[in-house]
Amino acid sequence: MKHAYVSTLDFLNLLHTFSRVITTNDHQINLLELRSDNANLDELWEVIGSEITANKTLNEFAMRKLTYELMHALISDPVERVELPCDFEDDVYP
């Protein structure tokens, strides 16, 4: 097995790619309304997983673990309550 050096630039590129995927799917992710009593992270992966697996430079297992760990941390101890933006009201309250 070959060992590869991972630089801080590699880490930043990973975060940048992850950020682009999240930003692209922002509306769909917000519609999931993930919170501590609705922590269905499999639905989140259904939204973003295809873009991550399509990017062959990303390690799918690592990205899935990173996604789950980040979202678990966010919904377990939210800093502040976020109100649903007006542009989502039609989707939630038909």
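Our subject in this report is the structure included herewith. (Residues numbered from 1 in each chain as written. Predicted model: local features only at pLDDT ≥ 70, side-chain atom pairs only at ≥ 80, totals over all residues. Heavy atoms only, no water.)

Focus: the overall build of the protein
Scanning the protein from N- to C-terminus turns up five helices and zero strands. In the protein, which comprises 94 residues, the proportion classed as buried is 22%. Across the protein, contacts joining residues at least 24 apart in sequence account for 53% of those joining residues at least 6 apart. Approximately 7,400 Å² of the protein is accessible, and the part contributed by carbon and sulfur atoms is 56%. (Helix = DSSP H or I, 4+ residues; strand = E, 2+ residues; numbered from the N terminus. Buried < 20%, exposed > 50% of the residue type's maximum accessible area, 1.4 Å probe, protein only. Contact = heavy atoms within 4.5 Å. Areas by Shrake-Rupley, 256 points an atom, 1.4 Å probe, with all protein chains shown as cover.)

Considering the pattern of salt bridges
Counted under the stated rule, the structure contains four salt bridges. For the salt bridge of arginine 64 with aspartate 42, the shortest nitrogen-to-oxygen distance reads 3.6 Å. Highlighted residues: arginine 64 in helix H4 (residues 60-76) and aspartate 42 in helix H3 (residues 41-54), separated in sequence by 22 residues. For arginine 64, a relative accessible area of 32% translates into the label partly exposed. Its relative accessible area of 42% is what places aspartate 42 among the partly exposed residues. For the salt bridge of glutamate 69 with lysine 65, the shortest nitrogen-to-oxygen distance reads 3.3 Å. Of this pair, glutamate 69 and lysine 65 both sit in helix H4, four residues apart, roughly one helical turn. Glutamate 69 gets classed as partly exposed once you look at its relative accessible area, which sits at 46%. (Salt bridge = Lys/Arg side-chain N within 4 Å of Asp/Glu carboxyl O.)

Examining the nonpolar core
It is characteristic of soluble globular proteins that their nonpolar side chains tend to be buried jointly. Ranked by size, the top nonpolar core spans 15 residues in total, and within it Leu34, Leu44, Ile48, Ile52, Met63 and Met71 carry the most contacts. Contributions of two or more residues to this core are made by helix H1 (8-24), helix H2 (26-32), H3 and H4. In this structure isoleucine 48 touches Phe18, Val21, Ile22, Asn25, Ile29 and Thr67, once residues within four positions along its chain are discounted. (Core = buried A, V, L, I, M, F, W, Y, C linked by side-chain atoms within 4.5 Å.)

Description of the environment of histidine 72
Here histidine 72 lies in helix H4. Histidine 72 sits 37 residues away from arginine 35 along the chain, and the two C-alpha atoms are 8.9 Å apart.

Some remarks on unusual backbone geometry
The phi dihedral of glutamate 33 falls on the positive side, at around 50 degrees, and the residue is not glycine. Within the fold, glutamate 33 resides in the loop between H2 and H3. Using a relative accessible area of 31% as the deciding quantity, one classes glutamate 33 as partly exposed.

Describing a nonpolar patch on the surface
On the surface, Leu9, Phe11, Leu12 and Leu15 cluster together into a nonpolar patch covering about 380 Å² of accessible area. Counting through the fold element by element, leucine 9 comes out in helix H1. Judged by its relative accessible area of 52%, leucine 9 falls in the exposed class. (Patch = residues over 30% accessible without salt bridge, like charges linked within 9 Å, V, L, I, M, F, W, Y side chains within 5 Å.)

That is the geometry; function is a separate question.
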